[in-house]
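# Fold and contact review
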Amino acid sequence: MAVIACIILGILLAACLLRLSLLKRDVRQLNNKLSGIAYTDTNARLGTNTFDQSVADLIQSINAMLKKNRRDYFEARRTEAVLKRAITNTSHDLRTPLTAARGYLQMLESSELDAETRARYIAIIRRRLDSLGVLMSDLFEFARIIEGNTTFDIQEVNVANALRDALSEAYAELEGKGFTVEADIPDVPVICRCDEDALRRVLQNLLKNVCVHGKAYLRVRLFENKIEISNKADGLDKIDIAHMFERFYTSDASRSNKSTGLGLAIAKELAERMGGRLSASREGDVLMMQVVLPQV
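Below is a short write-up of the structure. What you are looking at is a predicted structure, and each value in this text was computed from that prediction instead of being measured.

Here the focus is the overall build of the protein. Helix and strand counts for the protein come out as six helices and seven strands. Scored against the burial criterion, the 296 residues of the protein give a buried share of 34%. For the protein, the accessible area works out to roughly 18,000 Å², and carbon and sulfur atoms hold 55% of it.

In this section: the nonpolar core. One finds L199, L206, L218, I227 and M289 to be the most contacted residues of the largest nonpolar core, which totals 47 residues. Where this core is concerned, the elements lending two or more residues are α4 (159-176), β3 (191-194), α5 (196-213), β4 (214-223), β5 (226-233), α6 (263-273), β6 (277-283) and β7 (286-292). With sequence-adjacent residues up to four places away left out, M289 is seen in contact with L206, N209, I227, E228, I229, M244, F245, L264, L278, S279 and A280. Listed in part, the seven residues of the second largest apolar core include L30, I37, V55 and L66.

This paragraph deals with the state of the cysteines. A full pass over the atoms with the stated rule returns zero disulfides. Of the cysteine sulfurs around C194, a residue in no disulfide, the closest is that of C192, at 6.3 Å. Note on C194: relative accessible area 0%, which makes it buried.

α6 packs onto α5 with a crossing angle of 150° between their chain directions and a minimal axis gap of 9 Å. The orientation of α5 with respect to α6, classified from their angle, is roughly antiparallel. At the point where α5 passes α6, the crossing takes the left-handed sense. Contacts between α5 and α6 pair A198, R201, V202, N205, L206 and N209 from the former with G263, L264, I266, A267, L270 and A271 from the latter.

As a working rule, side chains carrying opposite charge can pair if their charged atoms are close by. In the structure shown here, the tally under the stated rule is ten salt bridges. E173 is paired through a salt bridge with K177; the nearest N and O atoms lie 3.7 Å apart. A residue is classified by how much of its surface remains accessible, and E173, at 30% relative accessible area, is partly exposed. Among the salt bridges present, the one from E224 reaches K226, with a minimum N-O distance of 3.7 Å.

Here we come to the environment of L270. With respect to the secondary-structure elements, L270 resides in helix α6. In this structure L270 comes out as buried when scored by relative accessible area, which is 4%. The spacing of L270 and C194 is 76 residues in sequence and 10.0 Å in space, taken between C-alpha atoms.

So, about the side chain of N225. Relative to the helices and strands, N225 is located in the loop between β4 and β5. A polar contact is formed between the side chain of N225 and the side chain of K226, at a distance of 3.4 Å. Ignoring any residue separated from it by four or fewer positions in sequence, one finds N225 in contact with C192, V291, V292, L293 and Q295.

Let us look at α5. Between its terminal C-alpha atoms α5 stretches 26 Å, which fits the 26 Å expected from 18 residues at 1.5 Å a residue. Looking at where α5 begins, the residue whose side-chain oxygen comes 3.0 Å from the main-chain nitrogen of D197 is D195.

With that out of the way, let us pick up the environment of R219. The residue R219 is located in strand β4 in this model. With twelve residues separating them in the primary sequence, R219 and N231 have C-alpha atoms 6.3 Å apart. Residues in contact with R219, not counting those within four places in the same chain, are E182, D184, E228, I229 and S230. Reaching out from R219, the side chain makes a polar contact with the side chain of E182 at a distance of 3.2 Å.

Parameters and conventions
Residues numbered from 1 in each chain as written. Predicted model: local features only at pLDDT ≥ 70, side-chain atom pairs only at ≥ 80, totals over all residues. Heavy atoms only, no water. Helix = DSSP H or I, 4+ residues; strand = E, 2+ residues; numbered from the N terminus. Buried < 20%, exposed > 50% of the residue type's maximum accessible area, 1.4 Å probe, protein only. Areas by Shrake-Rupley, 256 points an atom, 1.4 Å probe, with all protein chains shown as cover. Core = buried A, V, L, I, M, F, W, Y, C linked by side-chain atoms within 4.5 Å. Contact = heavy atoms within 4.5 Å. Disulfide = S-S within 2.5 Å. Axes fitted to C-alpha atoms, helices over the stretch in contact; angles between N-to-C directions. Parallel < 35°, antiparallel > 145°, perpendicular 65-115°, else oblique. Left-handed = near helix turned anticlockwise from the far one by under 90°. Salt bridge = Lys/Arg side-chain N within 4 Å of Asp/Glu carboxyl O. Polar contact = N/O pair within 3.5 Å; in protein donor to acceptor, adjacent residues only side chain to side chain. Expected span 1.5 Å × (residues − 1).

Next comes the structure, spelled out in structure tokens:
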């Protein structure tokens, strides 16, 4: 019996040593492959050709981590590119009105001007400074929102009334630009849970975007907990719907449309922080924005 016991023990020991050897091989191969991936710009993944389930589970976890790290890497690069573009655009947007205002001030100081020309120059300076004020206000508001310094008073709000008010505020500008406005807003209250001031800001920004980029036609529709704002616009093929809500995004590389590229980003942040969402789609020359709010 003792001999048999020794034989069995020897077999078990040999099996353990073999298993340990195979585990060392797997770990060594895993380490070599992981080292190669770590210092190479590659999407490679670790193989799972192993006899041990624990090692296989470990490899799957490492592959999941590699995938996440790769995704984070590209997101960081994209964010860095957006930040660089934002700094360039903001510098341009700050410098342009200041340079123009300074130039007209110099002409006011150094030239003999008639009253009409002087008034025209002063009006131009005022417009330049107003545009600078809008940019600074948008920058401050966006920074405050993303830093979490904005508090929301979530309550039951009649969205129909908020939408009518926003349209009334924008009506003069829309009419001045020749828009035909079609509004489909129920006469009965449409109640959603949101912050009334934040909702009004969202609607103001969306309608301002229509005034700046749209043309000829605007349709506003409210049904259930959804607000749809549709308008015709030129150059929609140049707009990247997937990125249009990103901060500082603008399809106008020359910045000639005076857009800060923050209005839609602010609207999206506010909508999401209220528990809703803001999305966009296009069909032909029509752009449609949809706001979905939490229902009561």
